[in-house]
Amino acid sequence: PDNTAFVDDEKPVIAVDTEGNDAIPAAVVGRPYPLFAATAADRYSGACDVSVRVYGCYGTTAEYELDALNGSFTPDRAGGFTVIYAASDTAGNVASARIDITACAARIPMSIALGEASDSGSVGTAVTVAAATVSGGHGSPRVEVTARCGDRTTDVVNGSFIPETDGQYTITYT
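First, a word on what this report is: a plain description of the structure on this page. (Residues numbered from 1 in each chain as written. Predicted model: local features only at pLDDT ≥ 70, side-chain atom pairs only at ≥ 80, totals over all residues. Heavy atoms only, no water.)

## Digging into the side chain of D8
The criterion, for reference: In this description a helix means any DSSP run of H or I spanning at least four residues, a strand means any run of E spanning at least two, and both kinds are numbered starting from the N terminus. Relative accessibility thresholds used throughout: buried, under 20% of the residue-type maximum; exposed, over 50%; partly exposed, between the two (1.4 Å probe, protein chains only). Only four residue types enter the charge count: Lys and Arg as positive, Asp and Glu as negative, with His and the chain ends excluded. For this analysis, a salt bridge means a side-chain nitrogen from Lys or Arg found within 4 Å of a carboxyl oxygen belonging to Asp or Glu. Counting of polar contacts relies on pairs of N or O atoms within 3.5 Å, with two restrictions inside protein: one atom must be capable of donating a hydrogen and the other of accepting it, and residues adjacent in sequence are counted only when both atoms are side-chain atoms. Contacts are residue-level and defined by heavy atoms, with any inter-residue pair within 4.5 Å sufficient.
With respect to the element layout, D8 can be found in the segment before β1 (13-16). Of the side chains with opposite charge, R43 comes closest to the buried, unpaired D8, at an N-O distance of 7.6 Å. Here E10 takes part through its backbone nitrogen, which lies 3.0 Å from a polar atom of the side chain of D8. If near-sequence neighbours (up to four positions away) are discounted, D8 is found in contact with D42, Y44, D89, A91 and N93.

This is the structure:
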């Protein structure tokens, strides 16, 4: 028989959900910044708990920790902040993931740029509206789009809506 003892030396894998952001949105000093959700899994231990710690001046002699309460932290100065997600498995293997966030002293202006769209359509047939690209702001800005004709408002879903009546529709981005 093989008397070789099994040794688990694999770290858990941490997945941080950046909510589809290609670039991490900026924070604003004095305003709560929502932390991204994270999960961890290990081949042998299964799901693992993830801890979150937030630091200012990370990796320097001036490093300090900020409170991460109710899924957010509040930047106390302009500059860089580091969020460390950590998880360990039942064998004691520890993994970490790092997200760097920049905090600005004031609110960052937000703008919405619109792409190409249909300018006409037929009742009962999907009409494509202009895709909205948001830049600036802080946190994770979201755009809601509606189509309105007279007193009827229709939600735009996945970039299109289906007109229910003839008329001129106004598309609103908020």
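## What to know about the pairing of strand β15 (residues 152-155)
Stated formally: Strands were regarded as paired on the criterion that DSSP finds at least two bridges between them.
Judged from the 4 bridges that link them, strand β14 (residues 145-149) and β15 form a sheet pairing that is antiparallel. Its bridge partner lying in β15, R148 is registered against T153. Between β14 and β15, which pair antiparallel in sequence order, lie 2 residues; one of them, G150, sits at a positive phi of approximately 65°.

## Considering the packing of aromatic side chains
For any two aromatic rings, the description comes down to two numbers: the centre-to-centre distance and the angle of the planes. Note the following rule: By convention, a stacked pair of Phe, Tyr or Trp rings (six-membered ring in the case of Trp) has centres within 6.5 Å and planes under 30 degrees apart, an edge-to-face pair has planes over 60 apart, and any other such pair is tilted.
Applying the stated criterion across every chain, the model contains 5 aromatic pairs. With a centroid separation of 5.8 Å and an interplanar angle of 55°, the aromatic rings of Y33 and F73 are classed as tilted. Here the residue Y33 occupies a position in strand β3 (residues 33-34), and F73 occupies one in strand β8 (residues 72-73), the gap between them amounting to 40 residues. The residues Y33 and F73 share a single accessibility class, namely buried. Between the aromatic rings of Y55 and Y58, the centroid separation amounts to 5.2 Å while the plane-to-plane angle is 45°, which identifies the pairing as tilted.

## Here's the deal with the nonpolar core
Heads up, the condition is: The set of buried Ala, Val, Leu, Ile, Met, Phe, Trp, Tyr and Cys residues whose side-chain atoms join them within 4.5 Å is what this entry labels a nonpolar core.
If you look at the biggest cluster of nonpolar residues, it comprises 19 residues, and the most contacted ones within it are I14, F73, V83, Y85 and I101. Taken together, the elements giving at least two residues each to this core come down to β9 (79-88) and β10 (94-104). The biggest single contributor to this core is β10, with 5 residues. Beyond its immediate sequence surroundings of up to four residues, Y85 is in contact with I14, V16, L35, F36, A38, V50, S51, V52, A95, S96, A97 and I99.

From the geometry alone we can't say anything about function, so treat these as descriptive.
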